[in-house]
Amino acid sequence: MLRLERRPNPSRFWLYATPPVAVVLTMIAGGLLFAAMGKDPVAVIRTIFWEPLFGDFAFYLRGQLLVKAGPLILIAIGLAMGFRAGIWNIGAEGQYIMGAICGAAVGLAVYPTESRLIFPVMVLAGALGGWAWAMIPAILRTRFNTNEILVSLMLVYVAETILAKAATGFLRNPDGMGFPGSRNFSSYPAAANAELFAGSGLHWGGVTAVFVALAAHVLLRHHVLGYQIRLAGQAPRAARFHGVDPTRLVIFCMGLSGALAGLAGLFEVAGPAGQISIDFNSGYGFTAIIVAFLGRLNPLGIVLAGLLMALTYVGGEMASTNMGLPAAAIQVFQGMLLFFLLGVDVLTNYRIRPVKGAR
Amino acid sequence: MTGGDLLRVEGVGKTYPGVRANEDVSLTIAPGEIHALLGENGAGKSTLVKIIYGLVRPDEGRMLLNGQPYAPAAPREARARGVAMVFQHFSLFEALSVAENVALGMEDAPPMRELAARIRVVSEEYGLPLDPSRRVGDLSAGERQRVEIVRCLLQNPRLLIMDEPTSVLTPQEVKILFATLRKLAAEGTSILYISHKLEEIRALCDRATVLRRGRVVAECDPRECSAAQLAEMMVGQALSPTRRTVKAERGRIVLGVSDLSVPSPFAFGTALKDIRFTVARGEILGVAGVAGNGQDELLMALSGEIVTEPDRVRIDSRPAGDLGPDKRRAMGLVAAPEDRYGHAAAPDMTLTENAFLTGMVRRGLVSRGFVRWRAAREFARQIIADYDVRTPGPDVAARALSGGNLQKFLIGRELEQAPDVIVINQPTWGVDAAAAAAIRQAILNRAAEGAGVVVISQDLDELLEISDRFAVLNEGRLTRPRTTEGLTMEEIGLMMGGAHGMEVAHHAQA
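A quick note: this is a predicted structure, and the numbers were derived from the prediction, not measured.

Colleague: Teacher, can you tell me more about the interface of chain B and chain A here?
Modeller: Quite often, the size of an interface is put as the accessible area lost when its parts meet. Each partner contributes to the interface: chain B provides 39 residues, whereas chain A provides 25 residues. Of the roughly 2600 Å² buried where chain B meets chain A, counting both sides, 54% is carbon and sulfur surface. Put simply, chain B and chain A have one salt bridge between them. Across the pair B:Glu353 and A:Arg230 runs a salt bridge, and its minimum N-O distance is 2.5 Å. For the interface between chain B and chain A, the tally reads twelve residue pairs in polar contact (both at pLDDT 80 or more). When contributions to the side of chain B that touches chain A are tallied by element, the ones reaching two or more residues are α9 (295-303), α10 (325-330), α11 (351-362), β18 (370-371) and α13 (403-415) of chain B. Top element by residues in the side of chain B that touches chain A is α11(B). It accounts for five residues. Of the residues that constitute the side of chain B that touches chain A, the class distribution is 22 nonpolar, six polar and eleven charged.

Below, the structure is given as structure tokens:
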């Protein structure tokens, strides 16, 4: 019989070994799943993990990796800050949508003015929109002690309704002959979040994500605020004793994650998506939760996790179009990744010991 | 073959990773005997009783109960064989009534009304009156213990294990408990009484088994040994009593509390009511009281975790009642809460990070918002060296340290900040005798250097040893502080609120 035994100190080895081990286990279990569906498991796994990087279409797919990873990383870092502090913002998807709507609205309002200021102001408006949307659960929690998980999650659906209204109503393209969707930013250079190098897939969102990751890393490691975030998450009473004001921490963490999600939304809508449409959001806000945990809630880990998750997205899409796999199978595959990660994660704080004789 | 012994433990051993908790432990308990199990924290008392109660399985050795092999795999089996236990930390649900709590601990509980009647009868019979319909959350610690005892008595145990039962009782309540235990013993129930309080054991027990580092080091009749002899057996060396080097002269008031009333932040906490006292430079004020009478709340109101109007708390005559912990630290007040794992320290963080937790302000561990980790580490290292903290180094997680070691670290962390006011809740709870003496000495030294100190403790001997003035916290109210010299246990007991209505039953009996 085996027994779990708490380690006196968390294991450094497993802290870093957990993600790769989880990836390998996912490949094995996913391979079995694909085999059971009658596909060649090796070919599927190869399509998902190899083709986007080194396959025939890698020149295009590598760019797609950055396009997908950018918003995931940006959102996940904001979420990770809150998760570290025990503040559970589950509604990044809503903040992402609201950021996109606010930012896009600013750009569309001044169409077709040409000015270098337009895009920066849109970015600001995007961050503000996400921030404001996150302030709703934050203030409800600090004032009325509501549960921020539920409130932020429910607000996603409110945001989606507003998005539908925007796409079909107040932000609809007046020259669009009645079709839903706003003007396309690709035909409005002053407001567009264009690729920085043609074909690279890198836009301002990716640059911001890298910068934010570094800043978050420094904050957590070396700044008092980062220390307080970690302390509040690990030992709330000790945090109060240290001098952390829980209300201010909730406001800060929710606001930060909301603003970063809003930024991601703006970069997406003004760039790869191109326009406000009913379903421009592709669930990045939810996937970012997985990315945050896959990256151990560590900013640099999240950068890697975001790239890995983007890989399963891009590769998964390839696999489903080329090999006829249903999209659900790919989602199960992504779910397995989180499952194994959390499972293996136990070994960071516990070790497995054989027990002589059953009880 | 067993000579009529109720319980016979033969050569029991138990090893945890890195610790030999019990080694070749043997003891016998006769029917109707009150048997003391004596030893310091970490001597292996808890492991041994957990083995007897079926919570832990021994690696080697065997036990006989009434001559029959006895190897309980679970407490349920132990209870079925007539072994019951009252834990030091109660396992009661605060939101449920007394009767409901008792029912939860029984295998086949009778209907509630019948059970309530039985609780009433048994509790009256043994002088521990209980109202079965009251909610446990509203009971004092002493009354909660009665619930636990009555729960055991309802099962007619042959062996009753009591783990440090008096730590939550007033002196009067202790007397009543002892009367109850003697009555039980006279009726033939054996009692295994675990304690490190020597006078208690001398007053109550027929026989004592002394454990040290997991082994039986002595067996004796405690009534024929002096407390000093028992202590020496327990610790393995003679302890030198703490000494006050210089009796510091009283100076100006450094901490003043007036009309402090605050609700408790906890669901079943105790609100503070009209607390007032002052502490002068070089003075130690001892605050006694049974756990749960507002100690946590008092510490938090002084540390700044609970804020009030500015004038309620004055540090060095400046109003501080509305300031948070870091601002109060800046004014010279440091605090050490009771709960080490989660309040005073973050268990999963390193000692360096925990040194920073309160050392930030007064040790200047921050520059422009950035943590000076190197300085924090140096601070941690200094505490480890100066306070004899046994640990590989400052990068170890706090939870890896034993309770006593961590407490030395945490007390050191506060005392090394050159404070003007020190507030400590339970400085030596769960700390071995040698470490406790060192901690008391360190507190005395700081007072001698001019700090004003408030020590909140449930250990009366400790308070009488180190405090200049003495007050009792009872249901959120603080008695007027009195000079410690010349106080008798009787007076202290009365200050503590007597026996919370228990006398009546025993007087009626007598």
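Colleague: Just checking my understanding: could you explain the UniProt feature "transmembrane region" (unreviewed entry) in chain A for this structure?
Modeller: Residue and element names in this part refer to chain A. Cross-referencing UniProt, the feature "transmembrane region" (unreviewed entry) maps to residues 12-37, 57-83, 95-111, 117-140, 149-171, 202-220, 249-267 and 328-350 in the present numbering. Annotated as 96% helix and 0% strand, the span residues 117-140 places its first and last C-alpha atoms 35 Å apart. Here residues 202-220 is 89% helix and 0% strand, with 27 Å between the C-alpha atoms at its ends.

Colleague: When you look at the packing of helix α2 (residues 41-49) of chain A against helix α13 (residues 299-323) of chain A in this model, what are you seeing that I'm missing?
Modeller: The relative placement of two packed helices comes down to the angle between their axes together with the axis-to-axis distance. Residue and element names in this part refer to chain A. It is at 6 Å that the axes of α2 and α13 come closest, and there the two elements cross at 130 degrees. In terms of orientation, α2 and α13 fall into the oblique class. Regarding α2 and α13, the two cross each other, and that crossing is right-handed. Contacts from Ala43, Val44, Thr47, Ile48 and Phe49 in α2 reach Leu308, Leu311, Thr312, Gly315, Gly316, Met318, Ala319 and Met323 in α13. Taken together, the residues of the contact of α2 with α13 break down into nine nonpolar, four polar and no charged.

Colleague: Teacher, can you tell me more about the side chain of B:Thr391 here?
Modeller: All names here are of chain B. Looking at the secondary structure, you find Thr391 in the loop between α12 (373-386) and α13. Take Thr391: its relative accessible area is 18%, and that puts it in the buried class. In contact with Thr391, other than residues within four places in its own chain, are Leu351, Ile384, Val396 and Leu401.

Colleague: Would you mind going over the environment of A:Met81 with me for this structure?
Modeller: Residues and elements named next belong to chain A. When you line up the elements, Met81 lands in helix α4 (residues 58-84). Residues Met81 and Leu66 lie 15 residues apart in sequence; the distance between their C-alpha atoms is 22 Å. If we ignore the near neighbours within four places in the chain, the residues touching Met81 are Ala216, Leu219, Leu220, Ile229, Cys253 and Leu256.

Colleague: Explain the pairing of strand β11 (residues 253-262) of chain B to me, please; I cannot follow it from the model alone.
Modeller: Looking down a regular strand, the side chains alternate between one sheet face and the other. All names here are of chain B. By the bridge criterion, six bridges tie β11 to strand β12 (residues 272-280) in an arrangement that is antiparallel. In the strand pairing of β12, Ile253 is matched with Ala280. Where β11 meets strand β14 (residues 313-315), three bridges bridge the pair, whose relative direction is antiparallel. Paired with Gly256 across the bridge in β14 is Arg314.

Colleague: Any chance you could explain α9(B) here in plain terms?
Modeller: Side chains three or four residues apart in an α-helix point the same way, a direct result of the helix having 3.6 residues per turn. Counting buried residues along α9(B), eight of its nine residues qualify, which places the element largely inside the surrounding structure. Downstream of α9(B) by one or two residues, B:Gly304 has phi in the positive range, about 105 degrees.

Colleague: Hey, could you run me through the sheet that holds strand β8 (residues 190-195) of chain B in this one?
Modeller: Backbone hydrogen bonds hold the strands of a sheet together, and the pairing may be parallel or antiparallel. All names here are of chain B. On the basis of which strands lie adjacent, the open sheet formed by six strands has the order β6-β7-β8-β3-β9-β10 and mixed pairing. Every other strand in the sheet has two partners, leaving β6 (83-86) and β10 (215-220) as the edge strands with one partner each. Neighbouring strand axes in the sheet, compared pairwise and without regard to direction, differ in orientation by 20 degrees on average. With four bridges joining them, β6 and strand β7 (residues 159-163) adopt parallel strand pairing. Looking across to β7, one finds that Val86 is bridged to Met162. Lying over the sheet, helix α1 (residues 45-52) contacts β3 (34-38), β6, β7, β8 and β9 (207-212), oriented at roughly 155 degrees with respect to β8. In the packing of helix α8 (residues 227-235) onto the sheet, the strands contacted are β3, β9 and β10, and the crossing angle to β9 comes to about 35 degrees.

Colleague: For this particular structure, what's the right way to read the pattern of salt bridges?
Modeller: Oppositely charged side chains can form a pair if their charged atoms are brought close together. All names here are of chain B. Taken as a whole and assessed by the stated rule, the structure comprises 40 salt bridges over all chains. Residue Arg144 is joined to Glu94 by a salt bridge in which the shortest nitrogen-to-oxygen separation is 2.8 Å. Linking Arg144 in helix α5 (residues 141-153) with Glu94 in the loop between β6 and α3 (98-104), this pair joins segments that are 50 residues apart in sequence. A residue is classified by how much of its surface remains accessible, and Arg144, at 15% relative accessible area, is buried.

Colleague: Teacher, can you tell me more about the sheet that holds β14(B) here?
Modeller: Residues and elements named next belong to chain B. Spatially, the four strands line up as an open sheet ordered β12-β11-β14-β15, and their pairing is antiparallel. Single-partner strands in this sheet number two, and they are β12 and β15 (318-319). Where β14 lies against β15, two bridges are found, and the strand directions are antiparallel. Residue pairing for β15: Ile315 is matched across the bridge by Arg318. Its contacts with the sheet place α9 against β11, β12 and β14, and it is angled at close to 60 degrees to β12.

Colleague: What's the story with the layout of surface pockets in this structure? I'm lost.
Modeller: Where empty space is left in the structure can be found by rolling a water-sized probe over the atoms. Residues and elements named next belong to chain A. A volume near 2000 Å³ is recorded for the second largest pocket. Residue lining of the second largest pocket: 49 residues in total, with Leu15, Arg84, Gln234, Arg296 and Asn298 positioned closest to the centre. Class assignment of the residues belonging to the lining of the second largest pocket gives a composition of 23 nonpolar, 14 polar and twelve charged.

Colleague: Quick question: what am I supposed to make of the packing of aromatic side chains here?
Modeller: Residue and element names in this part refer to chain A. By the definition in use, this model includes 17 aromatic pairs over all chains. Between Tyr96 and Phe280, the aromatic rings sit 5.8 Å apart at their centres with planes inclined by 15 degrees, giving stacked as the arrangement. Taken as a pair, Tyr96 in helix α5 (residues 92-109) and Phe280 in the loop between α11 (246-270) and α12 (284-294) lie far apart in primary sequence, 184 residues in all. Tyr96 sits in the buried class, given a relative accessible area of 0%. For Phe280, a relative accessible area of 6% puts it in the buried group. Relative to Tyr284, the ring of Tyr96 has its centre 6.0 Å away and its plane inclined at 85 degrees; by these criteria the two rings are edge-to-face.

Procedures and definitions
- Residues numbered from 1 in each chain as written.
- Chains lettered and ligands numbered in written order.
- Predicted model: local features only at pLDDT ≥ 70, side-chain atom pairs only at ≥ 80, totals over all residues.
- Heavy atoms only, no water.
- Contact = heavy atoms within 4.5 Å.
- Buried area = accessible area lost by both parts, 1.4 Å probe.
- Salt bridge = Lys/Arg side-chain N within 4 Å of Asp/Glu carboxyl O.
- Polar contact = N/O pair within 3.5 Å; in protein donor to acceptor, adjacent residues only side chain to side chain.
- Helix = DSSP H or I, 4+ residues; strand = E, 2+ residues; numbered from the N terminus.
- Nonpolar A, V, L, I, M, F, W, Y, C, P; charged D, E, K, R; others polar.
- UniProt positions renumbered as here; feature names shortened; annotations may be inferred.
- Axes fitted to C-alpha atoms, helices over the stretch in contact; angles between N-to-C directions.
- Parallel < 35°, antiparallel > 145°, perpendicular 65-115°, else oblique.
- Left-handed = near helix turned anticlockwise from the far one by under 90°.
- Buried < 20%, exposed > 50% of the residue type's maximum accessible area, 1.4 Å probe, protein only.
- Pairing = 2+ DSSP bridges.
- 1 Å grid on protein atoms, 1.4 Å probe; cavity = no way out; pocket = protein on both sides within 12 Å on 5 of 7 lines; lining within 4 Å.
- Points joined across faces, edges and corners; volume = space filled by probe spheres on them.
- Phe/Tyr/Trp six-rings, centres within 6.5 Å; stacked < 30°, edge-to-face > 60°.

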